[in-house]
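The chain contents come next:
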There are 2 protein chains.
Amino acid sequence: MTIYDISKQAGVSIATVSRVLNGSENVKPKTRKKVLDIIEQCGYTPNVFARGLGLNSMKTVGILCADSSDIYLAKAVYHIERNLKTAGYHSILNCTGYDLAHKKEGLSLLLNQRVDSIIMVGSNFISENEKDNQYIRDAAKQVPVMLLNGDLDCENVFCTMCDDYKSMKEVTGRLLSQKIHDILFLYHSRTYSSMKKLAGYQAAYVSMDLPLSKDLTCFFNGSHEDIDGVCDYLCNLHDKGLRFRAVVAADDMLAVGAVKYARKMNLRIPQDIKIVGYNNSILSVCSEPKLTTVDNHLELLCSQLVKTCICTLGGTSQPAKTIFSGEIILRESANL
Amino acid sequence: MTIYDISKQAGVSIATVSRVLNGSENVKPKTRKKVLDIIEQCGYTPNVFARGLGLNSMKTVGILCADSSDIYLAKAVYHIERNLKTAGYHSILNCTGYDLAHKKEGLSLLLNQRVDSIIMVGSNFISENEKDNQYIRDAAKQVPVMLLNGDLDCENVFCTMCDDYKSMKEVTGRLLSQKIHDILFLYHSRTYSSMKKLAGYQAAYVSMDLPLSKDLTCFFNGSHEDIDGVCDYLCNLHDKGLRFRAVVAADDMLAVGAVKYARKMNLRIPQDIKIVGYNNSILSVCSEPKLTTVDNHLELLCSQLVKTCICTLGGTSQPAKTIFSGEIILRESANL
């Protein structure tokens, strides 16, 4: 029996059950009695209650991350661990890879470790296929689940994200305003965050009543470190006759690949081709010329996420979603 | 009472005590009896024994890392976690920062979590000041300690490393052979690994009977992401009259900073200035021109380290030190 079953039987929210278990004052006496009665009827105190009551808690949070060797995700894991430690919590890290079966397995390993909460780092944990998100909903019946850059409507799931849609729409809109209508959108994963970026790119065209060419939405099917591969991919598109005067990329690595492509084709940046990255990572400064990019304030996101996590564990109500805005960082690769 | 005390009283090695506790066949009956007698005299079974006996083990390893947002260290943590998981172990991550007090605190938090072993990622855990390594020696009395890119002579401490001395001596030697005698050595930390690189740089000069200039050993006192800061630092040295026709850097970030410096000074790479990085990270490919660098086979190091860890926990004797050779990767920034 889980906290979820109790909430169902009592006809109250999980948050309310959690508040009862934490001895919070913010519960009506009648509701409290109903919840406690149901718990008593169970006749025993499963782990999840012990945890809720602050008994037996290992003060440990499980961090799930597809690939912590990715520059962006590595930074996220780092900031989350640091914030958790400050709050007195240990971090168990599980790197799952991008395969659904391994994500489920990683999650289940962490739950078996009796963690107090699960933090999923990166939007790749949320699938467009709703069925593939069931494992997250199941986990949320046991412990609060925090999503970084992911969005899932579900009780006991808390989302902290950057508005990638808005940032990408803004970047694309500024290029369109400069009469550059052949903008290539470059991405390399179909994560929640990538899809939001794509939607923002498309929305900019639509809002300015400009035609969208499907050919300019380009998916690079390679590793997240393969700069040379991105360059070859764009050269190949060029050879096939595709022309574009700007590239907006879903991350800085892809944008650096576009820079390499421009150099190979003897295109001047930004005069002949404008290139915009995403994440404001070290790659954007390493690049020559330096990349105009979007800073999605990762450190702030992580600190907010941990705050939400700790407050939830403490039994205070938290907003289901917290959304920050990104910031366009202007450098040499595009004057927006 | 720790496993260390038992080994001292019995006059045998910690490895032997561990083998006895693990029920290994590889112990003389007489020795086994002596060890078991001492344990019996203690009258109780402390955690460390329970762990050794495979009882009560959480199958958890603690990973200490100064800064997992550093590209190189992030990759190390990733590979170590993946290898541990394959072996059935969980990873508790603790990012300590570079301050000794925080390192000690992080280590002690992990030990309180009753981890089976401690893995220290990165050479920054080993200090030149022997007194500052005592906390590692103390930890090794409780659990096996694995060092990645660190060297410490101590029972129950196992080191897996790349021979940075040899690689840096080779790189410097090849430049000297090209009659380039004004090579700047650029580093930004005084870790064990940095010191080995510096020693290799110096050894190349000495072995070719060439004079070393102290002015060419340059310490950049800034963050591990501050490419612009490195560029400014080198420009400043140039303004003060320092001249050099090559830069060998302790990591790729520093080398990219040198590339930016060369561009600012209108120096052609590699004709006017040769630049060599270290680590073969994504930065070396992102750079324009791409960096000649040293690959220290991090993935191999991590897999070996975890193998040593698991075998040690299983009670089989392991070499105290495992040393791999690096590999020079030739790209555009220096023809060696």
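Visitor: I'd like to hear about the relation of the copies chain B and chain A, residue by residue, with values.
Guide: Superposing chain B onto chain A takes a rotation of 180° plus a shift of 0.0 Å along the axis, which leaves an RMSD of 0.1 Å. Considering both components of the superposition, the chain copies are consistent with a two-fold axis. Among all C-alpha atoms of chain B, that of B:Ile92 lies closest to the rotation axis, at 2.1 Å. Here 100% of the interface residues in chain B have copies in chain A that are interface residues too; the copies meet face to matching face.

Visitor: Let's hear about helix α11 (residues 252-264) of chain A: which residues, and what values?
Guide: All names here are of chain A. For α11, built from 13 residues, the straight-helix expectation of 18 Å at 1.5 Å per residue is met to within 8% by its first-to-last C-alpha distance of 18 Å. Taking burial as the measure, the 13 residues of α11 include 11 buried ones, the bulk of the element. One side-chain oxygen of the residue at the start of α11 lies 3.1 Å from the amide nitrogen of Met253, identifying that residue as Asp251.

Visitor: Got a sec to walk through the pairing of strand β4 (residues 145-148) of chain B? Specific residues and values, please.
Guide: Residue and element names in this part refer to chain B. Both faces of β4 are covered, namely the face carrying Val145 and Leu147 and the face carrying Met146 and Leu148. Relative to β4, strand β3 (residues 117-121) runs parallel, the two sharing four bridges. Looking at β4, one finds that Ile118 is bridged to Val145. You can see the chain leave β3, run along helix α7 (residues 134-140) and come back into β4, and the turn it takes is right-handed. The pairing of β4 with strand β5 (residues 157-162) spans four bridges and is classified as parallel. Opposite Val145, over in β5, you have Val157 as the bridge partner.

Visitor: Outline the pattern of salt bridges, supporting the account with residue identities and numerical values.
Guide: Evaluated as defined, the whole model comprises 28 salt bridges over all chains. Linking A:Glu130 and A:Arg137 is a salt bridge whose minimum nitrogen-to-oxygen distance equals 2.6 Å. The exposure class of A:Glu130 is partly exposed, given its relative accessible area of 40%. On the basis of relative accessible area, A:Arg137 is assigned to the partly exposed category, the value being 21%. Between B:Asp37 and B:Lys33 there is a salt bridge, with its nearest N and O atoms 2.8 Å apart. Here B:Asp37 pairs with B:Lys33, and both are found in helix α3 (residues 29-42), just four residues apart, close to one helical turn. Judged by its relative accessible area of 52%, B:Lys33 is exposed. Through salt bridges with shared partners, one network takes in A:Asp151, A:Asp153 and A:Lys321.

Visitor: Account for the packing of helix α5 (residues 71-86) of chain A against helix α13 (residues 298-313) of chain A, with residues named and values stated.
Guide: All names here are of chain A. Packing of α5 against α13 leaves a shortest axis separation of 9 Å and a crossing angle of 40°. On the basis of their axis angle, the class for α5 and α13 is oblique. Our pair here, α5 against α13, has a crossing hand that is right-handed. Touching Tyr72, Lys75, Ala76, His79, Ile80, Asn83 and Leu84 of α5 are Leu298, Glu299, Leu301, Cys302, Ser303, Leu305, Val306 and Ile310, all from α13. Its residues assigned to classes, the contact of α5 with α13 comprises 10 nonpolar, three polar and two charged.

Visitor: Give a description of helix α9 (residues 192-207) of chain B that names residues and reports values.
Guide: Residue and element names in this part refer to chain B. Relative to the 22 Å expected for 16 residues at 1.5 Å per residue, α9 spans 22 Å between its end C-alpha atoms, a close match to the ideal helical length. When we look at burial in α9, the residues that qualify are Tyr192, Ser193, Ser194, Met195, Lys197, Leu198, Gly200, Tyr201, Ala203, Ala204 and Tyr205. Directly after α9, the chain includes Asp209, whose backbone phi takes a positive value near 60°.

Visitor: Hey, could you go over the pairing of strand β1 (residues 60-65) of chain A for me, with residue numbers and the actual values?
Guide: All names here are of chain A. Most of β1 is tucked away: six of the six residues are buried. Side chains of β1 alternate between two faces, with Thr60, Gly62 and Leu64 and Val61, Ile63 and Cys65 buried alike. When β1 meets strand β2 (residues 90-95), the two strands line up parallel, connected through six bridges. Directly across from Thr60, in β2, lies its bridge partner His90. On the question of chirality, the crossover connecting β1 to the parallel β2 by way of α5 is right-handed. Across five bridges, the pairing between β1 and strand β3 (residues 117-121) is parallel. By the bridge assignment for β3, Gly62 is matched with Ile118.

Criteria and thresholds
- Residues numbered from 1 in each chain as written.
- Chains lettered and ligands numbered in written order.
- Predicted model: local features only at pLDDT ≥ 70, side-chain atom pairs only at ≥ 80, totals over all residues.
- Heavy atoms only, no water.
- Least-squares fit on C-alpha atoms with pLDDT ≥ 70 in both.
- Contact = heavy atoms within 4.5 Å.
- Helix = DSSP H or I, 4+ residues; strand = E, 2+ residues; numbered from the N terminus.
- Expected span 1.5 Å × (residues − 1).
- Buried < 20%, exposed > 50% of the residue type's maximum accessible area, 1.4 Å probe, protein only.
- Polar contact = N/O pair within 3.5 Å; in protein donor to acceptor, adjacent residues only side chain to side chain.
- Pairing = 2+ DSSP bridges.
- Right-handed = clockwise from strand over helix to strand, strands pointing away.
- Salt bridge = Lys/Arg side-chain N within 4 Å of Asp/Glu carboxyl O.
- Axes fitted to C-alpha atoms, helices over the stretch in contact; angles between N-to-C directions.
- Parallel < 35°, antiparallel > 145°, perpendicular 65-115°, else oblique.
- Left-handed = near helix turned anticlockwise from the far one by under 90°.
- Nonpolar A, V, L, I, M, F, W, Y, C, P; charged D, E, K, R; others polar.

All quantities given are derived from atomic positions and should not be read as evidence of function.
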